[in-house]
Amino acid sequence: MALLFDDNDDRYLQWLTQNPGGLVVNCRRTPSSEYMVLHTATCPHISKIRRNQRAGGFTEKSYVKLCGTSEDDLRKAIREFDAQDFSKVCRCMATKNRF
Ligand SMILES: [Zn+2]
């Protein structure tokens, strides 16, 4: 099962902490098949607040997150947004698969 976080960074960051082996798809607020980027839950891109980034930037502004514990679950979830596949797989996934 995949969970959509679209209005609460605190809950999203809590999910990351509770699911260190989980996966995250970064989507635009209006999900589009052109932007569905797959990351691991520990990837800094989707877990570390950057300088100049305002609070809420992960799920409360232009982007939302789909979270799940398996790639299959997330593939099913993005199909509901008419995406056939992830638009991009982050380099963090290569590291994950090595272990
Ligand atoms: Zn990543």
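Quantities reported herein were computed from a predicted structural model and do not represent experimental measurements.

Asks: Lay out the pairing of strand 2 (residues 23–32) in plain terms, naming residues and giving numbers.
Replies: For a regular strand, side chains alternate in direction, first toward one face of the sheet and then toward the other. In this sheet, strand 3 (residues 35–40) lies alongside strand 2 in antiparallel orientation, the contact comprising 6 bridges. By the bridge assignment, Val24 is partnered in strand 3 with His39. Here strand 2 pairs with strand 4 (residues 63–68) via 6 bridges, running antiparallel. Residue Val24 lies in a different strand from strand 4, and its bridge partner there is Cys67.

Asks: How would you summarise the sheet that holds strand 4 if you had to cite specific residues and measurements?
Replies: Across the sheet, which stays open at both edges, the 5 strands sit in the order 1-4-2-3-5 with mixed pairing between neighbours. Of all the strands in the sheet, the pair left with one neighbour each is strand 1 (3–5) and strand 5 (88–89).

Asks: Go over unusual backbone geometry with me, naming the residues and quoting the values.
Replies: One non-glycine residue, Asp82, lies in the positive phi region at around 65°. Its location among the elements puts Asp82 in the loop between helix 2 (71–79) and strand 5. Judged by relative accessible area, Asp82 falls into the exposed class, the value being 65%.

Asks: Report on the coordination of the zinc ion, specifying residues and quantitative values.
Replies: At this site the zinc ion is bound by His39 (ND1), Cys43 (SG), Cys90 (SG) and Cys92 (SG), with donor distances of 2.1 to 2.4 Å. Each of the 4 donor atoms bound to the zinc ion contributes to angles spanning 100 to 122°, and the resulting shape is tetrahedral. Positions of the donor residues of the zinc ion along the chain correspond to the pattern H-x3-C-x46-C-x1-C. Note that His39 is positioned in strand 3 and Cys92 in helix 3 (residues 92–98), a separation of 53 residues in sequence.

Asks: Account for the side chain of Thr40, naming residues and giving values.
Replies: Its location among the elements puts Thr40 in strand 3. Excluding residues that lie within four positions of it along the chain, Thr40 makes contacts with Gly22, Leu23, Ile46, Cys92, Met93 and Lys96.

Asks: Give me the lowdown on the pattern of salt bridges, citing residues and values where you can.
Replies: Going through the model one piece at a time under the given rule, you end up with 3 salt bridges. Here Arg75 and Glu71 are joined by a salt bridge, their closest N and O atoms 3.0 Å apart. In this pair, Arg75 and Glu71 both sit in helix 2, 4 residues apart, roughly one turn of the helix. Between Asp85 and Arg75 there is a salt bridge whose closest N-O contact spans 2.5 Å. Here Asp85, found in the loop between helix 2 and strand 5, pairs with Arg75, found in helix 2; they are 10 residues apart in sequence, far enough to count as distant. Under the relative-accessibility criterion, Asp85 is labelled partly exposed at 38%. What emerges from the salt-bridge pattern is a single network uniting Glu71, Arg75 and Asp85.

What counts as what
Residues numbered from 1 in each chain as written. Predicted model: local features only at pLDDT ≥ 70, side-chain atom pairs only at ≥ 80, totals over all residues. Heavy atoms only, no water. Pairing = 2+ DSSP bridges. Helix = DSSP H or I, 4+ residues; strand = E, 2+ residues; numbered from the N terminus. Buried < 20%, exposed > 50% of the residue type's maximum accessible area, 1.4 Å probe, protein only. Donors = N, O, S within 2.8 Å, 3.2 Å for Na, K, Ca; no water. Tetrahedral: all angles 85-135°; square planar, octahedral: opposite > 155°, others 65-115°. Contact = heavy atoms within 4.5 Å. Salt bridge = Lys/Arg side-chain N within 4 Å of Asp/Glu carboxyl O.

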